[in-house]
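# Summary of structural features
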Amino acid sequence: MDKTISDLRKDYTLQDLSESEIDPNPFIQFKIWFDQALAAQLPEPNAMTIATATPDGSPSARMVLLKDFDERGFVFFTNYNSRKGQELATNPCAALVFWWAELERQVRILGTVEKISSAESDGYFEMRPPNSRLGAWASNQSEVIASREELDQRLQKFQSQYANKEVPRPPHWGGLRVIPTEIEFWQGRSSRLHDRLLYTRLDDGGWKIARLSP
């Protein structure tokens, strides 16, 4: 008999997560886990869900790629005129989720959002493959388009325009940094009694750690 969706389940048994084992700095703890995801050769370990919302609370979520992180926050790149770009311009709050299934781990991040500097955006844009740079010009991200052919024609137009030239960064494209106020580390445990440790930023810039019920 074929399984139904309600029959699908997995018991998580790989590891535990205790207060005595984690770093008091959540950015260091994130780097530890991220490096372990890299070492495990997970597919796109920097893939993350970002959830945004309109000022009246209508939510939307999608996958993006983490491109940098440090104690200032977590950086990704996008078209500022896209749906998420416009939502973040009017309601600069976001939630991120990393899901590393093979390690039975997730990280949840909640924070405010700001644009990174033009110099930082330029530096990353110059590292992108040529057609990715051209794609940032060709795509009016999130807008309705008549056909795939129209998009291909726009790409060809910019390929011709910038043939044998340096492709500049479009003014509507660049980086955004999520500045966390909360970071939760979740480790799957048996019987759905998972370990959840939540870092909350304090007024003095430090962090408080609390265990959450699964």
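Everything below is about the structure shown above.
Below, the structure is looked at part by part. Predicted model only: the values in this text are computed from it and were never measured.

## As for the overall build of the protein
Secondary structure assignment for the protein yields five helices and nine strands. Sequence-ordered secondary structure for the protein, helices as α and strands as β, is α-β-β-β-β-α-β-β-α-α-α-β-β-β. Across its three principal directions, the C-alpha atoms of the protein cover 60 × 55 × 40 Å. Taken across its 214 residues, the protein has 40% of its residues classed as buried. In the protein, of all internal contacts separated by at least 6 residues, the share reaching a separation of at least 24 is 64%.

## Considerations on the nonpolar core
Of all hydrophobic cores here, the largest spans 31 residues; its most connected members are Phe-30, Trp-100 and Val-107. For this core, the elements supplying multiple residues, two or more each, are α1 (26-39), β1 (47-53), β4 (73-79), β5 (93-100), β6 (105-115), β7 (173-187) and β8 (195-201). In terms of residues, this core owes the most to one element, α1, which gives five residues. Dropping the residues within four chain positions of it, Val-107 is found in contact with Phe-30, Trp-33, Leu-96, Val-97, Phe-98, Trp-100, Ile-183, Glu-184 and Phe-185. Judged by nonpolar contacts, the second largest core, of 13 residues, contains Phe-77, Ile-116, Leu-134 and Phe-158.

## Observations regarding the environment of Ala-138
By the secondary structure assignment, Ala-138 is in helix α4 (residues 130-138). Remark: the alpha-carbon pair of Ala-138 and Gln-159, spanning 21 residues in sequence, is separated by 9.4 Å. When residues no more than four places from it in sequence are discounted, the contact partners of Ala-138 are Leu-151, Arg-154, Leu-155 and Phe-158.

## A closer look at α4
Inspection of α4 places Arg-133, Leu-134, Ala-136, Trp-137 and Ala-138 among the buried residues, and these make up the whole buried set. The elements touched by buried residues of α4 are α3 (118-125), α5 (148-161) and β7.

## Some points on the packing of α4 against α5
Between α4 and α5, the shortest axis-to-axis distance is 9 Å and the interhelical angle comes to 115°. α5 is crossed by α4, and the crossing has right-handed handedness. Residues Asn-131, Leu-134, Gly-135, Trp-137 and Ala-138 of α4 form the contact with α5, whose own contacting residues are Leu-151, Arg-154, Leu-155, Phe-158 and Gln-159. Classifying every residue of the contact of α4 with α5 gives six nonpolar, three polar and one charged.

Cut-offs and rules
- Residues numbered from 1 in each chain as written.
- Predicted model: local features only at pLDDT ≥ 70, side-chain atom pairs only at ≥ 80, totals over all residues.
- Heavy atoms only, no water.
- Helix = DSSP H or I, 4+ residues; strand = E, 2+ residues; numbered from the N terminus.
- Buried < 20%, exposed > 50% of the residue type's maximum accessible area, 1.4 Å probe, protein only.
- Contact = heavy atoms within 4.5 Å.
- Core = buried A, V, L, I, M, F, W, Y, C linked by side-chain atoms within 4.5 Å.
- Axes fitted to C-alpha atoms, helices over the stretch in contact; angles between N-to-C directions.
- Left-handed = near helix turned anticlockwise from the far one by under 90°.
- Nonpolar A, V, L, I, M, F, W, Y, C, P; charged D, E, K, R; others polar.

Bear in mind that shape data such as this cannot, by itself, settle questions of function.
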